[in-house]
There are 2 protein chains.
Amino acid sequence: MSESIDLSLIQSNKCFGGTVYKYEHYSPSLKCRMRFNIFLPPNAPLDSTTKVPVLYFLSGLTCNEDNMITKAGAQRLLSEQGIALVTPDTSPRNTGIPGEDDIWSIGSGAGFYVDATTDKWKEHYQMYTYIVSELPELICSNFPINKEKSSVFGHSMGGHGAIMIALRNPGIVSAFAPICHPSECPVGTSAFEEYLGPNKSNWLDYDPTELASNYQSEHVNILIDQGSDDAFLKEGNLLPDHFVAAVENSKNYITLETHIQPGYDHSYWFVQTFINDHIDFHAKFLKS
Amino acid sequence: MSESIDLSLIQSNKCFGGTVYKYEHYSPSLKCRMRFNIFLPPNAPLDSTTKVPVLYFLSGLTCNEDNMITKAGAQRLLSEQGIALVTPDTSPRNTGIPGEDDIWSIGSGAGFYVDATTDKWKEHYQMYTYIVSELPELICSNFPINKEKSSVFGHSMGGHGAIMIALRNPGIVSAFAPICHPSECPVGTSAFEEYLGPNKSNWLDYDPTELASNYQSEHVNILIDQGSDDAFLKEGNLLPDHFVAAVENSKNYITLETHIQPGYDHSYWFVQTFINDHIDFHAKFLKS
């Protein structure tokens, strides 16, 4: 695999005794070159035989692989805990699809972690496959990562992605201000129609609230933090109340802890404030 | 004062129980509008009667008021310690001086914290006066800040600025990878010649190493962290050895603690790793 994907190191920077690496590679599922960052903690240098747990962080609309790892202040605690962090990009880039860069909530920076089925997007926009299969395989083949000890968290569109992925591939998950019910909110419906077509029955498998309302599989633990002064929340794009109600239907299978944080907004100022709570939440499972 | 400077709130975000505010104002000393961020910890909201200590962070070349407060991860510990943080911009902006945006190391983003004397720059580039006098007065007049409990730290060009200011206005100071001897390094000499003219005797008052070598005033405590793999260091732009030698001449008046950090570079990945050491260093004095 490593030859065809042409995994190339772009940059590396020592940080909290470990290293933040930026790589670029060709993605067979997305048919374009992609970038990601990986933080390896001090106990797992590149040539380590010790394998460490890993957290994948999925970012929100307009973000790329850099926003979270630059702004969230996660590395101090990850370094102490001996947990790696992978921050993928949020969509394919430079695919040549007409208008891919024109709308902030569709196309570049807005992959919504789905496998597109519409003619316009399906050749490249296979983000579900990239995040769930291709990238973890690449990571575990090339870095000292314990494949059995991984989980996912995310912010906003990436919070949607994280919860949706964890309900389809049961595991623990956490999210900051997730888009909980994309089938029912403005940014979600416009993106899903674009990527998945107008038939809403094809949206259900990508919708955290729809998945949660019928969930009857392995037990899933979910932590959500949501700021009360979040403009995206007030616009009706997050709908955490829909998700809480859906989980009520599945409470034998899902444990949900939701913290409403008074006065916080949708930004990384909010994410950085509560990032350690999320790392601790995952660490309990990843290190058990 | 507040009317003529037209202090305007641009943005505010709750963070670690306190708030990060971004303001814009007219600067009489720089004759242009300037921006800064101020983090007020939870124990000192805007209308607080309790006044808290403050740290000023001076950023490096090409930076603005956002780089450090976004990337350094300082707010967690500042919040716990009850210390405010001010991050000013690194130069005047949009002054109309020909070529002000053309060279990364001179003009916009590169004020070097000096009061320029050359005809081209002197009308606007009065950063020493802005940082030492105008801005602290504005801060103490408008925010719940204890004027007697303030100190300065900085990175690269801002490390130069911080140490230079602390040697001229004795106090405690710390720096990440400071430009220690601007009169003798490529980026420093080109900037000083531009702002202060070719006569090197006019540069001495703005040069940390020159100031330290003759220092005989109130005791100054200095903490420096320097990465060993810093490209700026290897290019001869930082010259910490010159500074250490100069302090040897003044060791009755200056206490210098220098940490060489193996494998770290010049970036904010380095700064964030050691930011808490610097906050603790200042807190000992600010809260005594």
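None of the values given here were measured: they were computed from a predicted structure.

Visitor: Just to check I follow, could you spell out the pairing of strand 2 (residues 18-27) of chain B for this structure?
Guide: Looking down a regular strand, the side chains alternate between one sheet face and the other. Residue and element names in this part refer to chain B. With 9 of 10 residues buried, strand 2 is to be regarded as a mostly interior element. Relative to strand 2, strand 1 (residues 8-15) runs antiparallel, the two being bridged by 7 bridges. Paired with glutamine 11 across the bridge in strand 2 is lysine 22. As consecutive antiparallel partners, strand 1 and strand 2 are separated by 2 residues, and within that stretch phenylalanine 16 has a phi angle of approximately 50 degrees, a positive value. As paired elements, strand 2 and strand 3 (residues 32-40) share 9 bridges and run antiparallel to each other. The partner of serine 27 across the bridge, within strand 3, is cysteine 32.

Visitor: Explanation requested: the interface of chain A and chain B in the structure shown.
Guide: Frequently, the measure chosen for interface size is the accessible area that the parts lose on association. In this complex, chain A contributes 23 residues to the contact, which on the side of chain B involves 23 residues. Counting each side, the surface lost to burial between chain A and chain B is near 2,000 Å², with a carbon and sulfur contribution of 50%. On the chain A side of the interface with chain B, the three residues burying the most area are Lys14, Arg76 and Trp269 of chain A, jointly 34% of the side's total. Here chain A and chain B share 0 salt bridges between them. Of all the secondary-structure elements, those providing two or more residues to the side of chain A that touches chain B are strand 1 (8-15), helix 2 (67-71), helix 3 (75-81) and helix 10 (268-286) of chain A. Element by element, the count of residues in the side of chain A that touches chain B is highest for helix 10 of chain A, at 6 residues. In terms of residue class, the side of chain A that touches chain B is made up of 9 nonpolar, 10 polar and 4 charged.

Visitor: Any chance you could explain the relation of the copies chain A and chain B here in plain terms?
Guide: The operation relating the two chain copies consists of a rotation about an axis and a shift along that axis. Of the transformation superimposing chain A on chain B, the axial component is 0.0 Å and the angular component is 180 degrees, with the fit at an RMSD of 0.0 Å. Classification of the inter-copy transformation places it as that of a two-fold axis. A share of 100% of interface residues in chain A that are also interface residues in chain B marks the association as one of identical surfaces.

Visitor: Looking at this structure, how should I read the packing of aromatic side chains?
Guide: What describes a pair of aromatic rings is the distance from one ring centre to the other and the angle between the planes of the rings. All told, the structure shown has 36 aromatic pairs over all chains when counted by the stated rule. Taken together, a centroid distance of 6.0 Å and an interplanar angle of 90 degrees make the contact between phenylalanine 176 of chain A and phenylalanine 270 of chain A edge-to-face. Placement of the pair is phenylalanine 176 of chain A in strand 7 (residues 173-176) and phenylalanine 270 of chain A in helix 10, with a sequence separation of 94 residues. The pair phenylalanine 176 of chain A / phenylalanine 270 of chain A is uniform in exposure class, with both members buried. With a centroid separation of 5.5 Å and 20 degrees between ring planes, the pair formed by tyrosine 125 of chain B and tyrosine 195 of chain B is classed as stacked. Taken together, the residues span a long stretch of sequence, with tyrosine 125 of chain B in the loop between strand 5 (84-88) and helix 4 (127-142) and tyrosine 195 of chain B in helix 6 (residues 186-196) at a distance of 70 residues. Assigned by exposure class, tyrosine 125 of chain B and tyrosine 195 of chain B land together as buried. Its end group placed over the ring of tyrosine 128 of chain B, arginine 168 of chain B keeps NZ or CZ at 4.1 Å from the ring centre.

Visitor: Explanation requested: unusual backbone geometry in the structure shown.
Guide: Glycine aside, residues mostly have negative phi angles, and peptide bonds mostly take the trans form. Residue and element names in this part refer to chain B. The backbone of lysine 31 sits at a positive phi, close to 50 degrees, despite the residue not being glycine. Relative to the assigned elements, lysine 31 resides in the loop between strand 2 and strand 3. Look at lysine 31 and you get partly exposed, because its relative accessible area is 40%. Even without glycine at this site, asparagine 94 takes up a positive phi of about 50 degrees. You can see asparagine 94 is positioned in the loop between strand 5 and helix 4.

The rules behind each value
Residues numbered from 1 in each chain as written. Chains lettered and ligands numbered in written order. Predicted model: local features only at pLDDT ≥ 70, side-chain atom pairs only at ≥ 80, totals over all residues. Heavy atoms only, no water. Buried < 20%, exposed > 50% of the residue type's maximum accessible area, 1.4 Å probe, protein only. Helix = DSSP H or I, 4+ residues; strand = E, 2+ residues; numbered from the N terminus. Pairing = 2+ DSSP bridges. Contact = heavy atoms within 4.5 Å. Buried area = accessible area lost by both parts, 1.4 Å probe. Salt bridge = Lys/Arg side-chain N within 4 Å of Asp/Glu carboxyl O. Nonpolar A, V, L, I, M, F, W, Y, C, P; charged D, E, K, R; others polar. Least-squares fit on C-alpha atoms with pLDDT ≥ 70 in both. Phe/Tyr/Trp six-rings, centres within 6.5 Å; stacked < 30°, edge-to-face > 60°. Lys NZ or Arg CZ within 6 Å of the ring centre and 35° of its normal.

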